[in-house]
Amino acid sequence: MRVAVVGAGVSGLTATKCCMDEGLEPTCFEQSQDIGGLWRYTEHIEPGRPSLYASVISNSSKELSAFSDFPYPEDFPVFLPHAKLLDYLRRYANHFGIMEHIKLGTTVVSIRKRPDFATTGQWDVVTEADGKHTSYVFDAVMVCTGNFPEPTIPLHSFPGIKRFKGQYFHSRQYKRPDVFKGKRVLVVGMGNSGVDIAVEASHVATKVTVSTRRGAWVLGRVFEHGYPWDVVFNTRLMSLIRNNLPGPLARALINYSVNKRFNHENYGLQPEKSCLVREPVLNDDLPSYILTGRITIKPGVKEFKDNSVVFHDCPEEEPIDIVVFCTGYDASFPFLEEKIVKVENKHACLYKYVFPTHLQKPTLAVLGLIRPLGGIMPVIEMQARWAVRVFKGLCQLPPQSVMEKEVNEKKKNQVKWFGLSFDEVLKTEWLAYLDMLASFIGAKPSVPRLLFRDPRLAFTIFFGPCTPYQYRLEGPGRWEGAQQAILTQWDRILKPTKTRVPASTSSPYPSLLIVMGFLLLLAALYFGFP
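Residues numbered from 1 in each chain as written. Predicted model: local features only at pLDDT ≥ 70, side-chain atom pairs only at ≥ 80, totals over all residues. Heavy atoms only, no water.

Applied cut-off: UniProt positions are given in the numbering used here, feature names are shortened, and annotations may be inferred rather than shown by experiment.
An unreviewed UniProt entry lists the protein chain under the name Flavin-containing monooxygenase, from Columba livia. As stated in UniProt under Cofactor (unreviewed entry), the record for the protein chain gives "FAD". The protein chain has a UniProt comment under Sequence similarities (unreviewed entry) that states "Belongs to the FMO family."

Here's what the structure looks like:
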């Protein structure tokens, strides 16, 4: 079975490997001259490619961002600069022989269903390299072009921007803070990029203001007891607690957790609807920069004037010189017919965020079009592992009507998490989503079974961070090194920081919490926890 993989970034590399693991014949097309996708930093912006700023660092820690059968080197930092992450991707590609399946400098021009698609599920794929077009026939297609292809600047939402005499640009164009030297800077939007840029700009700018309509929860990479945030947040114990609490208790838990470091309301950051779960902003500097006056938080922009801006509920004008729009990206698939993957309000109509619901044959998968509250790489890998088994007929999708019903419910913001409703349909609970896909392919770990077979491993899986190696303990793609990788995960977490004293295995959980967790585990066993 021949599979076309579009893109050689994180998604494309793991998709190609998953095809190889299942005995398929992948061909990965990458329009640029190198692999790495988003994580391959360049000083210039390449058309059709996402763009990083020079100082970018991963938001998820290395142990929860690893591919499930390829741990990071233990001396790599806990959170990774782009160069280290690219190094890891190169090691991954070389270790598994992925490079021989990649065609660099090759752009996918079009992907169309063949006339006999209803019976064969095959696709006509046309590529262009060095001005020459080549046609192929593939049995399946994996779209791995990522979440950041087309920047969005909704200028119509900002009255007066056309008369503004200063400079404005999308965050995609940002590389280094030099451009802000001696300027009054306005950052519109409060995602991770917006806050990072504001913090960097504050070192050289005269003044930095961040405009946010909705506010945001701000977490530090350094979390409770100094551990990485996701190592504490994404555990089976914490997920069990969060997802089984009644709504009011869940709201109280969220508010307590995110306000423990500082009171968001006092800093002008409290989300507009704090009962809704939003993607948190990861930044360790923002609170102290607000305290020291280096960054000011303002509400949404009401209008721009020649050399100033007016905010909602703030009558006075504020002079500004540069505006950075951190207003996100649109999903875009220019090589596909619009009816293949329907995109409405930045939401692609995909079953489980992977498969179009209306194809007669499930032979096209879209990877990475999701925003989980955790590392994206294990999620994309799990999507790929499931997709290739669907291609082979080893996993079945439900009827079209069932898939469409679920997608429509998500579009109506009916997704539940913490007993609450999401406000954006691309976001989902990290561990629950991984477990769901893993259950489809028979790779979800069973804590009760492990408790009787290997109690130490079971306790590590339940109480410790949900590292991706858990999904290689059993089922297809089982990896002999998974158990050892799980039992040594704390060594790799702590070694980069314990550079003055010997690293030792540790746990962030106080003994009382472990006792409570053990009681929960016993209760889960009693009530049939899988």
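**Things to note about the pattern of salt bridges**
Quick reminder of the rule: Each salt bridge in this description consists of a side-chain nitrogen of Lys or Arg and a carboxyl oxygen of Asp or Glu lying within 4 Å of one another. A run of DSSP states H or I qualifies as a helix once it reaches four residues; a run of E qualifies as a strand once it reaches two. Both are numbered from the N-terminal end. The buried label applies to any residue whose accessible area, calculated with a 1.4 Å probe on protein chains only, is under 20% of its type's maximum; exposed applies above 50%, and partly exposed to all values in between.
Taken as a whole and judged by the stated rule, the model has 25 salt bridges. Note that Glu63 and Arg492 form a salt bridge whose closest N and O atoms lie 2.9 Å from each other. Of this pair, Glu63 sits in the loop between strand E2 (25-30) and helix H2 (82-95) while Arg492 sits in helix H15 (residues 489-494); the two residues are 429 residues apart in sequence, bridging distant segments of the chain. Comparing Glu63 with Arg492, the two get one shared label, buried.

**Describing the environment of Gly146**
Of note, Gly146 is situated in the loop between strand E7 (140-143) and strand E8 (150-151). The class for Gly146 is partly exposed, based on a relative accessible area of 22%. Considering only alpha carbons, one finds Gly146 and Val366, 220 residues apart in sequence, at a separation of 8.9 Å.

**A look at the packing of aromatic side chains**
Rules: Any pair of Phe, Tyr and Trp rings, taking the six-membered ring for Trp, is counted once the centres come within 6.5 Å. Such a pair is stacked with planes under 30 degrees apart, edge-to-face with planes over 60 apart, and tilted for the rest. Over a ring means this: the NZ of a Lys or the CZ of an Arg is within 6 Å of the ring centre and within 35 degrees of the ring normal.
Taken as a whole and judged by the stated rule, the model has 30 aromatic pairs. With 6.2 Å between their ring centres and 55 degrees between their planes, Phe158 and Phe304 make a pair best called tilted. With Phe158 in the loop between E8 and strand E9 (167-170) and Phe304 in strand E15 (residues 301-304), this residue pair connects regions lying 146 residues apart in the sequence. No difference in accessibility class separates Phe158 from Phe304, as the two residues are buried. Summarising the aromatic geometry, the rings of Tyr227 and Trp490 are spaced 5.4 Å apart at their centres and angled 80 degrees between planes, so their arrangement reads as edge-to-face. With a gap of 263 residues between them, Tyr227 in the loop between strand E12 (218-219) and helix H5 (229-233) and Trp490 in helix H15 connect regions that are remote in the sequence. Assessed through its relative accessible area of 12%, Tyr227 is described here as buried. Connected via pairs of aromatic rings, a cluster forms that spans Phe67, Phe70, Tyr72, Phe76, Tyr88, Tyr92 and Phe96. Here Arg2 stacks its cationic end above the ring of Phe138, 4.7 Å away from the centre of that ring. The ring of Tyr289 has Arg294 sitting right over it, with the charged end atom 4.2 Å from the ring centre.

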